[in-house]
Amino acid sequence: MEEYHHGNEGSFNSEEADASIKECIENIIGGVDYNQNLVNKWTASIVEHSLTQLVKQGKPYKYIVTCAVMQKSGAGLHTANSCYWDTAMDGSCTVRWENRTMYCVVSVFAVATA
């Protein structure tokens, strides 16, 4: 598992976000094998639960959460993002999770409201 952190650590707490997101992923798909028929349900649940946990922290941010689940098949998956924002207050993190049958990549973007 890999984590990528961006932004000022003094503002958006990416470690706290990582922990919340990993917990959401583990609770939803931690013990299951890839199933094409359940991917839409899984991604929606991961995004909703992650967003709920972030909002519960009570920080003055608007959040954007994305999730991709991909079956392990030897194919490549490349993602990128770019943000034009206040680097002193805003931040992002991306969590890459995997098990024996699939990958899950969740990105969080936090934009300060105050």
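See above for the structure.
Residue numbers here run from 1 along each chain, matching the order of that chain's written sequence. pLDDT decides what is reported in this predicted model: residues at 70 or higher carry local features, side-chain atom pairs at 80 or more are listed and counted, and totals for whole chains, interfaces and linings draw on all residues regardless. Excluding hydrogens and water, the side-chain figures rest on all heavy atoms present in the structure.

Colleague: Which parts of the structure should I look at to understand the overall build of the protein?
Modeller: Broken down by element type, the protein carries 2 helices and 4 strands. The N-to-C order of helical and strand elements in the protein reads β-α-α-β-β-β. For this measure, only C-alpha atoms enter the radius of gyration; the expected value for a globule follows 2.2 Å times N^0.38, where N is the number of residues. Taken against the 2.2 N^0.38 rule, which gives 13 Å for 114 residues, the C-alpha radius of gyration of the protein at 14 Å falls within 12% of a compact globule. Viewed in the frame of its principal axes, the protein has a C-alpha envelope of about 40 × 25 × 20 Å. The accessible surface values rely on the Shrake-Rupley method and a 1.4 Å probe; as for residues, cover is taken only from the protein chains in view. If you sum the accessible surface of the protein, you get close to 6,700 Å²; carbon and sulfur atoms cover 49% of it. Note that His is not counted, nor are the chain ends; the positive residues are Lys and Arg, and the negative ones are Asp and Glu. Charge placement uses NZ in Lys and CZ in Arg. For Asp and Glu, CG and CD serve respectively. Charge centroids of the protein, computed over 8 positive and 13 negative side chains, lie 7 Å from each other. Helix and strand labels come from DSSP, where a helix needs a run of H or I of at least four residues and a strand needs a run of E of at least two; each type is numbered from the N terminus.

Colleague: Is there a simple way to think about helix α2 (residues 39-56) in this case?
Modeller: Given 3.6 residues per turn, any residue in an α-helix points the same way as the ones three and four places further on. For α2, spanning 18 residues, the distance from its first C-alpha to its last is 26 Å, which sits close to the expected 26 Å at 1.5 Å a residue. Accessible area is worked out with a 1.4 Å probe on protein chains only. A residue is then buried under 20% of its type maximum, exposed over 50%, and partly exposed in between. Those residues of α2 that sit buried are Val39, Trp42, Thr43, Ile46, Val47, Ser50 and Leu54. Taken end-on, α2 shows its buried residues confined to a sector of 125°, consistent with a single buried face. Opposite the buried face of α2, by more than 90 degrees, sit the exposed residues Asn40, Lys41, Val55 and Lys56. The contact rule is simple, with two residues in contact once any of their heavy atoms fall within 4.5 Å. Buried residues along α2 sit in contact with α1 (14-29), β2 (61-71) and β4 (102-112). Gly58 sits one or two positions beyond α2 and adopts a positive phi of about 70°. In this analysis, the expected span of each helix is defined as 1.5 Å times one less than the number of residues it contains. It is the directions from the helix axis to the C-beta atoms that the arc portrays.

Colleague: Teacher, can you tell me more about the packing of aromatic side chains here?
Modeller: Here a ring pair, both rings aromatic, is described through the centre-centre distance and the interplanar angle of the planes. Note on aromatic pairs: the rings of Phe, Tyr and Trp (six-membered ring only in Trp) are paired at centre separations within 6.5 Å, and the planes decide the class, stacked below 30 degrees, edge-to-face beyond 60, tilted for the rest. Within the structure shown, the criterion is met by 3 aromatic pairs. Ring centres of Tyr61 and Tyr63 lie 6.1 Å apart, and the angle between their planes is 45°; on these two criteria the pair is classed as tilted. One aromatic cluster in this structure is built from Phe12, Tyr61 and Tyr63. A ring is scored as having a charge over it whenever the NZ atom of a lysine or the CZ atom of an arginine sits within 6 Å of its centre and within 35 degrees of its normal. Looking at Lys72, its charged tip hangs above the ring of Tyr103, at a distance of 5.1 Å from the centre.

Colleague: Which parts of the structure should I look at to understand α1?
Modeller: Taking 1.5 Å per residue as the helical rise, α1 with its 16 residues ought to reach 22 Å, and the 22 Å between its terminal C-alpha atoms agrees with that figure. All of the buried residues along α1 are Ser14, Ala17, Asp18, Ser20, Ile21, Cys24, Ile25, Ile28 and Ile29. Capping the start of α1 is the job of one residue whose side-chain oxygen sits 3.2 Å from the backbone nitrogen of Glu15: Asn13. Polar contacts, as counted here, are pairs of nitrogen or oxygen atoms within 3.5 Å of one another; within protein the pair requires one atom able to donate a hydrogen and one able to accept it, and residues that are adjacent in sequence qualify only if both atoms are side-chain atoms.

Colleague: Please clarify how the environment of Ala19 should be interpreted in this entry.
Modeller: Structurally, Ala19 is set in helix α1. Along the primary structure Ala19 and Val95 are separated by 76 residues, whereas in three dimensions their C-alpha atoms are 9.4 Å apart.

Colleague: Explanation requested: the pattern of salt bridges in the structure shown.
Modeller: Opposite charge on two side chains makes pairing possible when the charged atoms of those side chains draw close. The working definition used for a salt bridge is a side-chain nitrogen of Lys or Arg within 4 Å of a carboxyl oxygen of Asp or Glu. Scanning the entire structure with this criterion turns up 4 salt bridges. The residue Lys72 makes a salt bridge to Glu98 at a minimum N-O spacing of 2.7 Å. In this pair, Lys72 is assigned in the loop between β2 and β3 (91-98) and Glu98 in strand β3, connecting sequence segments 26 residues apart. Given the relative accessible area of 28%, Lys72 is considered partly exposed. In the salt-bridge network here, residues are joined through shared partners; they are Lys72, Arg96 and Glu98.

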